[in-house]
Every structure is written in C-alpha cells, then in structure tokens.
There are 2 protein chains.
Amino acid sequence: MTLERRLRRYLVTDSGAGSVERLVSICEEAIQGGITAVQLRAKDWSDRELLRAACDLRAACDRAGTLFIVNDRVDIALASNADGVHLGVDDLPVGVARELLGPGKVIGYSPETPDDRIAAEEAGVDYLGVGPVFGTQTKGDAGEALRLDRFAELVTQSNVPVIGIGGIAIDDARSVIKAGAVGVAVVGAVFFAKEPRAAAIELVAQIP
Amino acid sequence: MTLERRLRRYLVTDSGAGSVERLVSICEEAIQGGITAVQLRAKDWSDRELLRAACDLRAACDRAGTLFIVNDRVDIALASNADGVHLGVDDLPVGVARELLGPGKVIGYSPETPDDRIAAEEAGVDYLGVGPVFGTQTKGDAGEALRLDRFAELVTQSNVPVIGIGGIAIDDARSVIKAGAVGVAVVGAVFFAKEPRAAAIELVAQIP
C-alpha cells in the first residue's frame, strides 16, 4: 500500500488514556475498525512507559498492516522499530531525524510557517500534518483553527502529501479529503469515542 | 585518560540557567576550572534547545578533552555525538540504550534498588550515579539522603565505578572519594556558583 493510502485514516493517541494497556487496547479496537495509521503521542508519560506502549503498538500494527509512527521521539522510534516519527517545530529538526533514522523511515512534520514547511520539505520530510483544521480540545498549544478554505490553500502550496489534523469529527472527514488532504488525523473523535472500533468503522464509511 | 579518571569531577547542568547560551557558558567556565565531565540535564527544555546546547557542549568538551554525557535522551546523544548518556529508572533501559548507542559509548545509570543496579550491570552499564549522598535542592524527586556510611556500603556492593551525587558541596568532595567513589557529581556547588570557574578550581584543590 502506498504511504498516501496508509495515511488516510490516521489515529493520534493521548496520554489521557491513563495506562499503557488502555491506550494500546483503544488502538487495537480502532485498527480493527479500519484505522490505517497510529501515532503514539502521550506527552506526560515516562520514557519507560512510552517504550512499552511503542513496542505493543508496533506488534498490533504489524498484525494489521497499519503504519506505526512515534510522536517527537526518535530514540523511542528506533528502539521500537516504528515506521517513523512525527515532528514539530520544537523537536529534533527533520534533517537530524533523517540522519538518525535512515532513508527507509517515514518522517512527518507539523509546520507553523511557510518557511518552516519549505525547510522540512528540503530536509526530506515524507508528509505534513497541517492544522488545526477545526478547533481542538486535545492539544492545548494548537493555535487558531484554519477552517477548510485556508487548509485547502496550504495543501496546494505543499510539495508532499498533507494530512489534516485538529478538531476533525467523523462527519468532517470527507470535507478535509475534498480540500486536498491524503488523510485525516483524528484524536478525540476515535480515541475518546465510547466505542473506538465503531467510530473507526464510521470513519471508513465517510472516507473509504 | 581512563573513564574513572574522567568521571572524577563531574558537572551536571540545570535548566535553571535560563538559556542555552548561559548554560554553555557556565560549563565552559567550569571546564576551564578543571571539571572533567559534563552532563547536559535541562528537564523542561524543548528538544530543539537541548540539541543546540548538546552540540555546543560537545564542541566545548572536545576542546578540553572533557567527557560529554546527555541525561535521559539517547536521540539527543546520537545527534550531538555525545560520549554517552545517563539514565534513570523511568528512562530507556540500559540494554536498549546500549543497542542504539553501540559498544563504544558510555552509559551511566542511577539505580533505586539493588535489583535495579544488578540489572543495569548485567545490561552493560559503565558507571553508576549513587545518591543523594546529602540533601539536595536541585532535584525534587531525589529521595532521602544516604549519608556517607550508607553511600560507602553501596559503593562496595557495586561492580562498576560509582560517582556520588546529590547535595555535594565542594568541601564534601574529598569525603565522598574517601567513601570509595571514583568521582563526585556536583550541580549547585559549581553550576549555580557565583564564579563557576573558581568553584571548579576549589574542587580540583579538594580532589586533584
């Protein structure tokens, strides 16, 4: 499957799961429902917990052919043999991560300015996470919502595949794809759904 | 110079320095005064700042032949070509760090129990940081002070070189070495000294 296709239904986790076991089990349910990529993000966890979650998610994603990405941490990605990392402006630069990970791994980046995006593209980023498309509760520092028009503009300017992120409900997914995204990153809409598997199935119905 | 000798006067940094530039300049002064190892620890800094500090410290340590260690973060150590990492119970396990860093790098560990120490030794740790020898203000979760008698006991039980850490004032350094340590880790006594270079010179006078 192409990277574009694997980025289509992209689940980002949250430390609000409370435990490694709960986080992994939510992801397993979501994968069963049709999630094609999982990003391990758990901001206030210890490295020991992160590594445990990463190794368990690596196994769960392997069983389903799901892409497995680690947020921020290149060492955790290396140690768990993740498919790649997702970086932001405060993290290791894309070029440094590329050197540490090698050419075969996937590197995603969340740019904050056009210059920032261009630098990441020049350093060999594989995809961009652009947002927040809508308002979000799960990321405190996410900034003001772009809305779909502005999002579509940013997609047009990008030279690598873009996924939309930030406050995207299941019912919004189709419009984000229509705006040019190869995929939609969901956090709350699936990770904090009463039934993550059912929510993922609904997402498949919206963006097959 | 042997590792034991390089561990002798070991400076641990603190994010209280406020900026990368200030942290690096304090370390440069301390190195001029006779510090033989620097550990970059700056708990609340972004990875981008940590990497910048690590690269600058790597250069400063190279000029002086000083050992350069990164606290917790294997990826920052790899990216800055540090001499090694210092890990604790919540960080990546010693064995995982060894796999990522390779056999040539130095791995230090702060054990919390005898089992914990033994596991680290079996996983190939190069030295142990044992403490807090005295009461400390610079590490909130450091636990109760060991005092010198108990510290000496722990040194005897260890199978790799031990440095003492935690609340060690310049005047205490000799007693920590007498208790069996190969080196003394200082934070406040040098890093927050009015004149870090002068403080390091005093430390040399205590433990040449």
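Above this text you will find the structure in question.
Residues numbered from 1 in each chain as written. Chains lettered and ligands numbered in written order. Predicted model: local features only at pLDDT ≥ 70, side-chain atom pairs only at ≥ 80, totals over all residues. Heavy atoms only, no water.

**Q** Would you explain the overall build of chain A in this entry?
**A** Scanning chain A from N- to C-terminus turns up 10 helices and eight strands. Its C-alpha atoms put chain A at 40 × 40 × 35 Å along the principal axes. In chain A, which comprises 208 residues, the proportion classed as buried is 56%. For chain A, restricting intrachain contacts to residue pairs at least 6 apart in sequence, the fraction spanning at least 24 positions comes to 59%. Here chain A has roughly 8700 Å² of accessible surface; of this, 48% comes from carbon and sulfur atoms. One finds the centroid of the 22 positive side-chain charges in chain A at a distance of 6 Å from the centroid of its 30 negative side-chain charges. (Helix = DSSP H or I, 4+ residues; strand = E, 2+ residues; numbered from the N terminus. Buried < 20%, exposed > 50% of the residue type's maximum accessible area, 1.4 Å probe, protein only. Contact = heavy atoms within 4.5 Å. Areas by Shrake-Rupley, 256 points an atom, 1.4 Å probe, with all protein chains shown as cover. Lys, Arg positive; Asp, Glu negative; His and termini not counted. Charge placed at Lys NZ, Arg CZ, Asp CG, Glu CD.)

**Q** Teacher, can you tell me more about the sheet that holds strand β5 (residues 106–109) of chain B here?
**A** Sheets are built from strands that pair by backbone hydrogen bonding, the pairs being arranged parallel or antiparallel. Residue and element names in this part refer to chain B. Taken in spatial order, the eight strands line up as β1-β2-β3-β4-β5-β6-β7-β8 and close into a barrel, and their pairing is parallel. Each adjacent strand pair in this sheet contributes to an overall mean axis angle of 25°, direction not counted. Summarising the sheet, β5 and strand β6 (residues 127–130) pair through two bridges and their orientation is parallel. Note that in β6 the partner of glycine 108 across the bridge is tyrosine 127. Relative to the sheet, helix α5 (residues 94–101) contacts β4 (84–87) and β5, its axis offset from that of β5 by approximately 165°. (Pairing = 2+ DSSP bridges. Axes fitted to C-alpha atoms, helices over the stretch in contact; angles between N-to-C directions.)

**Q** When you look at the relation of the copies chain A and chain B in this model, what are you seeing that I'm missing?
**A** Of the transformation placing chain A onto chain B, the axial shift is 0.0 Å and the rotation is 180°, giving an RMSD of 0.0 Å. As the rotation angle and translation indicate, the two copies are arranged about a two-fold axis. Among all residues of chain A, the minimum C-alpha distance to the rotation axis is found for aspartate 75 of chain A, at 2.4 Å. In this assembly, 100% of the residues forming the interface of chain A have copies in chain B that are likewise at the interface, indicating an isologous arrangement. (Least-squares fit on C-alpha atoms with pLDDT ≥ 70 in both.)

**Q** Looking at this model, I keep getting lost on the sheet that holds strand β1 (residues 9–12) of chain A. Mind explaining?
**A** All names here are of chain A. What the eight strands build is a closed barrel, ordered β1-β2-β3-β4-β5-β6-β7-β8; its pairing is parallel. Strand-to-strand, the axes of this sheet are offset by a mean angle of 25°, without reference to chain direction. In this sheet, strand β7 (residues 162–165) lies alongside strand β6 (residues 127–130) in parallel orientation, the contact comprising three bridges. Bridge assignment links glycine 129 to a residue of β7, and that residue is isoleucine 163. In the packing of helix α3 (residues 47–64) onto the sheet, the strands contacted are β2 (37–40) and β3 (67–71), and the crossing angle to β2 comes to about 175°. Here helix α7 (residues 147–157) sits on the sheet and contacts β6 and β7; the angle it forms with β7, its principal contact strand, is near 155°.

**Q** Looking at this structure, how should I read the packing of helix α2 (residues 20–33) of chain A against helix α10 (residues 196–206) of chain A?
**A** Each pair of packed helices can be summarised by the angle the axes make with each other and by the distance between the axes. Residues and elements named next belong to chain A. At a minimum axis distance of 7 Å, the contact between α2 and α10 shows a crossing angle of 35°. For the pair α2 and α10, the crossing hand works out as right-handed. Between α2 and α10, the residues in contact are Ile26, Glu29, Ala30, Gln32 and Gly33 and Pro196, Arg197, Ala200, Ile201 and Val204, respectively. Classifying every residue of the contact of α2 with α10 gives six nonpolar, two polar and two charged. (Left-handed = near helix turned anticlockwise from the far one by under 90°. Nonpolar A, V, L, I, M, F, W, Y, C, P; charged D, E, K, R; others polar.)

**Q** What should I look at first to understand the packing of aromatic side chains in this one?
**A** When we look at a pair of aromatic rings, we describe it by the centre distance and by the angle of the planes. Residues and elements named next belong to chain A. This model, assessed by the stated rule, comprises four aromatic pairs over all chains. Each ring, one from phenylalanine 191 and one from phenylalanine 192, has its centre 5.2 Å from the other, and the planes form 80°; the classification is edge-to-face. Judged by its relative accessible area of 41%, phenylalanine 192 is partly exposed. (Phe/Tyr/Trp six-rings, centres within 6.5 Å; stacked < 30°, edge-to-face > 60°.)

**Q** Sorry if this is basic, but what is going on with the side chain of arginine 58 of chain A here?
**A** Residues and elements named next belong to chain A. Checked against the element boundaries, arginine 58 lands in helix α3. Overall, the relative accessible area of 10% leaves arginine 58 in the buried class. One polar contact links the side chain of arginine 58 to the main-chain carbonyl oxygen of asparagine 81, over a distance of 3.0 Å. The contacts of arginine 58, once residues within four sequence positions are left out, are Thr66, Phe68, Ser80, Asn81, Ala82 and Asp83. (Polar contact = N/O pair within 3.5 Å; in protein donor to acceptor, adjacent residues only side chain to side chain.)

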